[in-house]
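Architecture at a glance
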Amino acid sequence: MGLQEKNYFLAFRESLLCDQHERFLFSEVELESLDVEISFHLPDVSNKSYQIAVLKDEGKRLFLEALDLRSALSQTDNEDEFSILSAAAQVVTWHASFKYCPRCATELMMDEMDLAKVCPSCGHHQYPRLSPCIIVLVRNGEKCLLAHSSKFKSGRYSTLAGFIEAGESAEHAVEREVMEEVGIKVKNIEYVCSQSWPFPHSFMLGFMADYSEGEITPDGEEILSADWFSVDDLPTIPPKFTISRQLIDKFIEEM
Ligand SMILES: [Zn+2]
C-alpha cells in the first residue's frame, strides 16, 4: 500500500484561497513555505484525502487570492468535487466564527477524534454548524411555481425555500413556507434529494409538491413576484449545480 495522496485546501480567515489560475487544491510540498495556524482533516472522497490548512498571516500568501466559491462550484462537473468544496467552505466559516466556548468563553481546542472543537474548561463540544432548510417545487398540472426573491438578480426566478424551525418536521416546513411566501396550500409533499449549500451553512432538503388551493399572493418582502410557468416558457432559472435547478430539471423531465 502506497501513501494516500493528500489534497490541501488553503484558507485565511473565512475564505478559501486559490492561485492566479483559480486552482484551489495544493500539494503537501507547496505548503512547506507557508505558516500554517491549524489544519483540519475533511472526510475522504473517492479514496482521496483532503485537508484544510488555515494560514496564520496574509503576508505570506502573496501569490494567493480569495476563491470565488460560487464560480468554483458552478464550474464543478462532478458531485464529489462539489461536496468536498462545499464541506471545505463550511468548515472554514465555522472555524472563523467559533473561537470561544459559548458556555464559558474559554478558547476552544480541536477535538482529537472528530471534526469538532472542544472546550478544555467545561468539555462542551462544538461541531460545524448546519442549518436545515427546505426547498420545494410546486406543480400545478403542466405548470410549476417559480418566484422572484428580493435577494435575486433582476429577472431570476427559482423554487421556494426557507429554514426549518425548531421542533418542526421538514414536511410541515414545506407547507408553512409555501403558505407564508405565496399564500397557497400544497399536498402530496414528496422528498426528492438533498444538498449541502455553503452560503453560509445551509443543508437543503429538496421536495416536490402539488398545488391544493388558494391564489398566489407574494408576501411582498421575501418574495416580490411569483407565477405558474410551463416548461416551454421558463424565466431565467438558477444554474445547473444548484438543487433548485435539479428540482426544475426533474419537473421538465416529468413533462
Ligand atoms: Zn466551556
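These notes cover the structure that comes with them. Not measured: the values here are computed from a predicted model. (Residues numbered from 1 in each chain as written. Predicted model: local features only at pLDDT ≥ 70, side-chain atom pairs only at ≥ 80, totals over all residues. Heavy atoms only, no water.)

Notes on the coordination of the zinc ion
Worth spelling out the cut-off: Counted as donors are the N, O and S atoms within 2.8 Å of the metal, or 3.2 Å for Na, K and Ca, while water is not among the atoms, so some sites may look incomplete. For the purposes of this entry, the term helix denotes a DSSP run of H or I that reaches at least four residues, the term strand denotes a run of E that reaches at least two, and both are numbered from the N terminus.
At the metal site, the zinc ion is ligated by C101 (SG), C104 (SG), C119 (SG) and C122 (SG), and these contacts range over 2.3 to 2.4 Å. Sequence spacing of the donors to the zinc ion: C-x2-C-x14-C-x2-C. Here C122 lies in the loop between β7 (117-118) and β8 (125-126) and C101 lies in the loop between α3 (79-97) and β6 (109-110), a separation of 21 residues in the sequence.

Description of the sheet that holds strand β5 (residues 65-66)
Where we set the bar: Whether two strands pair depends on DSSP finding at least two bridges between them.
What the five strands build is an open sheet, ordered β3-β4-β1-β2-β5; its pairing is mixed. At either margin of the open sheet sits one strand with a lone partner, and together these are β3 (36-45) and β5. Across two bridges, strand β1 (residues 6-12) lies against strand β2 (residues 15-18) in antiparallel orientation. Each residue of the ladder has a partner; that of A11, found in β2, is L16.

What about the side chain of D19?
Keep this limit in mind: Pairing of N or O atoms within 3.5 Å defines a polar contact, subject to two protein rules: one partner must be a possible hydrogen donor and the other a possible acceptor, and residues neighboring in sequence count only if both atoms are side-chain atoms. Residues are treated as being in contact if the distance between any of their heavy atoms lies within 4.5 Å.
With respect to the secondary-structure elements, D19 resides in the loop between β2 and α1 (28-31). At a separation of 2.9 Å, a polar atom in the side chain of D19 contacts the side chain of R23. If we skip the residues at most four places from it in the chain, D19 touches F26, F63, L64 and E65.

Considering the pattern of salt bridges
As a reminder of what qualifies: By convention in these notes, a salt bridge is any Lys or Arg side-chain nitrogen within 4 Å of a carboxyl oxygen on Asp or Glu. Each residue's exposure class comes from its accessible area (1.4 Å probe, protein chains only) as a fraction of the maximum for that residue type: buried when under 20%, exposed when over 50%, partly exposed otherwise.
Under the definition given, this model contains 14 salt bridges. K151 is the salt-bridge partner of E222, the closest N and O atoms lying 3.8 Å from each other. Of this pair, E222 sits in the loop between β13 (202-213) and β14 (223-230) while K151 sits in the loop between β10 (143-149) and β11 (160-163), placing them 71 residues apart in sequence. Here R245 makes a salt bridge to D249, at a shortest N to O gap of 3.1 Å. In this pair, R245 and D249 both sit in helix α5 (residues 243-254), four residues apart, roughly one turn of the helix. Judged by its relative accessible area of 16%, R245 is buried.

Describing a nonpolar patch on the surface
The following threshold applies: Only residues above 30% relative accessible area that lack a salt bridge enter a patch, with like-charged residues linked at up to 9 Å and the nonpolar side chains Val, Leu, Ile, Met, Phe, Trp and Tyr linked at up to 5 Å. In this description, accessible areas are obtained by the Shrake-Rupley approach with a 1.4 Å probe, and a residue is regarded as covered only by the protein chains that are shown.
On the surface, V231, I252 and M255 cluster together into a nonpolar patch covering about 220 Å² of accessible area. Tracing the backbone through its elements, the reader meets V231 in the loop between β14 and α5.

Re the packing of aromatic side chains
Applicable threshold: Ring pairs are drawn from Phe, Tyr and Trp, using the six-membered ring of Trp, whenever the two centres fall within 6.5 Å, and their geometry is named by plane angle: stacked under 30 degrees, edge-to-face over 60, tilted for the rest. Either the NZ atom of lysine or the CZ atom of arginine qualifies as a charge over a ring when it sits within 6 Å of the ring centre and within 35 degrees of the ring normal.
What the rule picks out here adds up to nine aromatic pairs. On the numbers, 6.2 Å between centres and 45° between planes, the contact of F82 with F241 is tilted. Taken together, the residues F82 in helix α3 and F241 in the loop between β14 and α5 connect sequence positions 159 residues apart. F241 shares its class with F82; the two are buried. Between W197 and F199, the aromatic rings sit 4.9 Å apart at their centres with planes inclined by 65°, giving edge-to-face as the arrangement. We classify W197 as buried; its relative accessible area is 16%. Among the aromatic residues, those joined into a cluster by ring pairs are F82, W197, F199 and F241. In this structure, R70 packs its charged tip against the face of F199, placed 4.0 Å from the ring centre. Over the ring of W94 we find K117, and its NZ or CZ is 5.2 Å from the ring centre.

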